[in-house]
Amino acid sequence: AYEDAIAAYRRAIELAPQTLKWHQALHETIWQAGQGVDLSSFPYAIQRLPQDAGLRRGFALHLNKVRSHQEAEEQARIALALAPESAESLDVLAQTLVDQKRHEEAVTSFQKAAALARNDMALRARYADALLVLGQTAKAYETLGDALRIAPHDQEVLARMAVALRMLGEERAYQALVDYDGLCTTIAVKPPEGYSDIRTFHAALAPYLLAKHVAKAHPTDQTLRGGTQTFGSLFGDRHPLIQGLRRSLYEAVQAFMAGLPEDRAHPFLGRRTSGLKFSGSWSVRLASGGFHTNHIHPKGWISSAYYVSLPAGVSDPASRQGWFKMGETNPEKGPDLPAERWVQPEEGKLVLFPSYVWHGTQAFDQGEERLTVA
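Okay, so let's go over this structure. (Residues numbered from 1 in each chain as written. Predicted model: local features only at pLDDT ≥ 70, side-chain atom pairs only at ≥ 80, totals over all residues. Heavy atoms only, no water.)

## Side note on the overall build of the protein
Logical step 1: Looking only at helices and strands, the protein features 14 helices and 9 strands.
Logical step 2: Seen through its C-alpha atoms, the protein measures out along the principal axes to roughly 65 × 55 × 40 Å.
Logical step 3: In the protein, which comprises 374 residues, the share counted as buried stands at 53%.
Logical step 4: Sequence-distant contacts, at least 24 apart, represent 67% of the contacts inside the protein between residues at least 6 apart.
Logical step 5: Total accessible area on the protein stands at roughly 17200 Å², and carbon and sulfur atoms take up 51% of it.
Logical step 6: When the 40 positive and 42 negative side-chain charges of the protein are each reduced to one mean point, those points stand 4 Å apart. (Helix = DSSP H or I, 4+ residues; strand = E, 2+ residues; numbered from the N terminus. Buried < 20%, exposed > 50% of the residue type's maximum accessible area, 1.4 Å probe, protein only. Contact = heavy atoms within 4.5 Å. Areas by Shrake-Rupley, 256 points an atom, 1.4 Å probe, with all protein chains shown as cover. Lys, Arg positive; Asp, Glu negative; His and termini not counted. Charge placed at Lys NZ, Arg CZ, Asp CG, Glu CD.)

Okay, here's the thing in structure tokens:
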């Protein structure tokens, strides 16, 4: 099936070489099939369309992901020469500079890009990251404040605002935003109807979930390292095991929502309505040595981690192997701040938290795998 998909994507690129989503899909399929890195579709497309700045930007971003940062910068500069007033080209150039730790140059490029694309919140978040690394915290706070006036619920911007407040020592405002005690929780999920307890349910669920992990490598555009992720919407699977899990998790999230206080002015609490839907669902299998890099979820409101099976190391509070952590940032892109809250995983436990809260997973080497649903 992988080979058929790869052939189909290559044919799509022959027909529409400028379509970046086909390049992304091709490279991701090749990688997750265990065939390594292959970015050859970009030089092929660029040879056919050498004046296409979008192709150059796409190539630069993919080169960045495989840490070919200097070559990425070269492509980004060509894209900028082709489109000198393009916010996208300035943004991509800045990203290549960040990955080379050239933050002062990156800030200059981000600033120009942000002036051209005021409504691009992801761009403003990246700009703030670079400012925060340089210690220009007040400038980052100002930039993020302007962005929140345009998009008060943007998760990328809220995540950086939390970092800025923390670095500025604005403890009250910071705690009101992240509020680990009030806005984050753990819930012991009830088993679906027909199962006496959660372990009995998991004994049936785990093999079914593992069979859905057909990839041979982690996605290149996700946060997990040393593991695999299921494709598509997990809850779109109509199998009774998946639908039973969905109902149990739905009830748990509903109970959490019902207990939240009213505060229309709060960026998290103000989004609560009477309805609830899952915007995404997937399973992650981490192998020994695996972990999640620290990140946030830009498209979410409440994010989650649900534990199906766990490695032996999670029982040790000293090493915290495989534990869930909150508050630790990603030093590859922004400032390096330590974790503030740790959660010990337990089978059947659901962790809920605002999607703009920084979170990740501690690596483990005791035990074979860690199976979760998010």
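Let us keep going from here.
## Observations regarding the pattern of salt bridges
Logical step 1: Following the criterion strictly, the structure yields 18 salt bridges and no others.
Logical step 2: Arg199 is the salt-bridge partner of Glu347, the closest N and O atoms lying 3.2 Å from each other. Linking Glu347 in the loop between strand 6 (341-343) and strand 7 (349-354) with Arg199 in helix 13 (residues 198-211), this pair joins segments that are 148 residues apart in sequence.
Logical step 3: A relative accessible area of 29% places Glu347 in the partly exposed class. (Salt bridge = Lys/Arg side-chain N within 4 Å of Asp/Glu carboxyl O.)

## Digging into empty space enclosed by the protein
Logical step 1: Tallying each qualifying case throughout the model produces 1 cavity of 30 Å³ or more.
Logical step 2: The computed volume of the largest cavity comes to approximately 70 Å³.
Logical step 3: Those elements that provide at least two residues to the lining of the largest cavity are helix 10 (155-168) and helix 11 (171-178).
Logical step 4: For the lining of the largest cavity, the leading source of residues is helix 10, giving 3 residues.
Logical step 5: In terms of residue class, the lining of the largest cavity is built from 9 nonpolar, 2 polar and 1 charged. (1 Å grid on protein atoms, 1.4 Å probe; cavity = no way out; pocket = protein on both sides within 12 Å on 5 of 7 lines; lining within 4 Å. Points joined across faces, edges and corners; volume = space filled by probe spheres on them. Nonpolar A, V, L, I, M, F, W, Y, C, P; charged D, E, K, R; others polar.)

## Quick word on helix 13
Logical step 1: For helix 13, with 14 residues, the first-to-last C-alpha span of 20 Å sits near the 20 Å given by 1.5 Å per residue.
Logical step 2: Maximal helix bending in helix 13 amounts to about 30°, located at Leu205; proline Pro207 follows within four positions.
Logical step 3: Among all positions in helix 13, only Ile198, Phe201, His202, Leu205, Ala206 and Leu209 are buried. (Expected span 1.5 Å × (residues − 1). Bend = angle between axes of the 7 residues up to and from the residue.)

## Some details on unusual backbone geometry
Logical step 1: Here the phi dihedral of Asp179 falls at roughly 35°; this positive angle occurs in a residue that is not glycine.
Logical step 2: With respect to the secondary-structure elements, Asp179 resides in the loop between helix 11 and helix 12 (180-183).
Logical step 3: Unlike most non-glycine residues, Arg320 shows phi in positive territory, near 55°.
Logical step 4: Looking at where Arg320 falls in the secondary structure, it is placed in the loop between strand 4 (302-309) and strand 5 (324-326).
Logical step 5: On the basis of relative accessibility, which here comes to 30%, the residue Arg320 falls in the partly exposed class.

## A word on the pairing of strand 7
Logical step 1: Taking burial as the measure, the 6 residues of strand 7 include 6 buried ones, the bulk of the element.
Logical step 2: Note that strand 4 and strand 7 share 5 bridges and pair antiparallel. Bridge pairing in strand 7 links Ala305 to Val351. (Pairing = 2+ DSSP bridges.)

## Considerations on the side chain of Ser309
Logical step 1: If you trace the backbone, Ser309 turns up in strand 4.
Logical step 2: When sequence neighbours within four positions are dropped, the list of residues in contact with Ser309 reads Glu347, Glu369, Arg370 and Leu371.

## Structural notes on the environment of Glu104
Logical step 1: For Glu104, the location among the structural elements is in helix 7 (residues 103-116).
Logical step 2: In the structure, Glu104 is positioned 27 residues away from Leu131 in sequence and 8.3 Å away in space, judged by C-alpha atoms.

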